[in-house]
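Observations on the model geometry
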Amino acid sequence: MFVEYPAIEGRLLMGAMTAKQRPDGFLYYEISIWNSQKPITSGPFTDWDPRSWTTYNGDGSWTCVGADGTPLPTIRLENFRDGLEDYAYVLMLEKIVRQQEAKGDSLTAEARQWLTEAQEALKVPQTLVQSMTEYSRDPGTLYAWRNHIADLIEQSGCEVDIP
């Protein structure tokens, strides 16, 4: 989660990689290491020092101090959140798929076709994530996957809460 790392990595970690690997949880030791004593009062250029440890930039520092002392999110935190939203879409589609599968033989031909497409969409594409160390950093590939899942949720006509 360093400043120098592509921001998409945090999003993939919490979204597509979580959907593919299904970990039991995610533990991160610190998100608000504020070594800089100067708050951010304006932007885009600031005096904020991104170092969280001697020569590490941003690790453990997902927020910055705002003018009144309140935390301001970083791009890293926003991508982390976006990844959680990507994963929420997966969970929503999974719930709809289970509901449709439970209908069994009563599904229309159109509904069976939708179900097959949705089941395939839930498999994280190899072009997006092959493993925890081999993945695409192309936002277009990520958006294509997420948008396809969103389209399938909308096409289902079902209203679901995040499980």
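Preceding this paragraph is the structure being described.
Definitions and cut-offs
- Residues numbered from 1 in each chain as written.
- Predicted model: local features only at pLDDT ≥ 70, side-chain atom pairs only at ≥ 80, totals over all residues.
- Heavy atoms only, no water.
- Helix = DSSP H or I, 4+ residues; strand = E, 2+ residues; numbered from the N terminus.
- Buried < 20%, exposed > 50% of the residue type's maximum accessible area, 1.4 Å probe, protein only.
- Contact = heavy atoms within 4.5 Å.
- Core = buried A, V, L, I, M, F, W, Y, C linked by side-chain atoms within 4.5 Å.
- Phe/Tyr/Trp six-rings, centres within 6.5 Å; stacked < 30°, edge-to-face > 60°.
- Lys NZ or Arg CZ within 6 Å of the ring centre and 35° of its normal.

Following glycine 43, the chain continues into proline 44 via a peptide bond in cis, with omega recorded as 10°. By secondary structure assignment, the location of proline 44 is in the loop between α2 (16–21) and β1 (51–53). Phi is positive for arginine 22, which is not a glycine, with a value near 55°. Tracing the backbone through its elements, the reader meets arginine 22 in the loop between α2 and β1. Since its relative accessible area comes to 36%, arginine 22 is described here as partly exposed.

This part takes up the environment of tyrosine 87. Tracing the chain through its elements places tyrosine 87 in helix α3 (residues 75–102). Spatially, the C-alpha atoms of tyrosine 87 and valine 3 are 23 Å apart, while their sequence positions differ by 84 residues. Ignoring any residue separated from it by four or fewer positions in sequence, one finds tyrosine 87 in contact with Met14, Gly15, Thr18, Ala19 and Arg22.

Membership of the largest hydrophobic core comes to 28 residues, with the highest contact counts inside it found for Leu12, Leu93, Trp114, Leu128 and Trp145. Taken together, the elements giving at least two residues each to this core come down to α1 (8–14), α2, α3, α4 (109–121) and α5 (139–156). Within the second largest apolar cluster, five residues are counted, among which are Met1, Met14, Tyr28 and Phe80.

Looking now at the packing of aromatic side chains. Tallied over the full model, the rule gives six aromatic pairs. Ring centres 6.2 Å apart and planes at 10° place the aromatic pair phenylalanine 26 and tyrosine 28 in the stacked group. Geometrically, the ring pair formed by tryptophan 62 and phenylalanine 80 is tilted, given 4.7 Å between the ring centres and 50° between the ring planes. Within this pair, whereas tryptophan 62 is found in the loop between β2 (56–57) and β3 (63–65), its partner phenylalanine 80 is found in helix α3, the two being separated by 18 residues in sequence. Here tryptophan 62 falls in the buried class, since its relative accessible area comes to 3%. The ring of tyrosine 89 carries the charged tip of arginine 146 above its face, separated from the ring centre by 4.2 Å.

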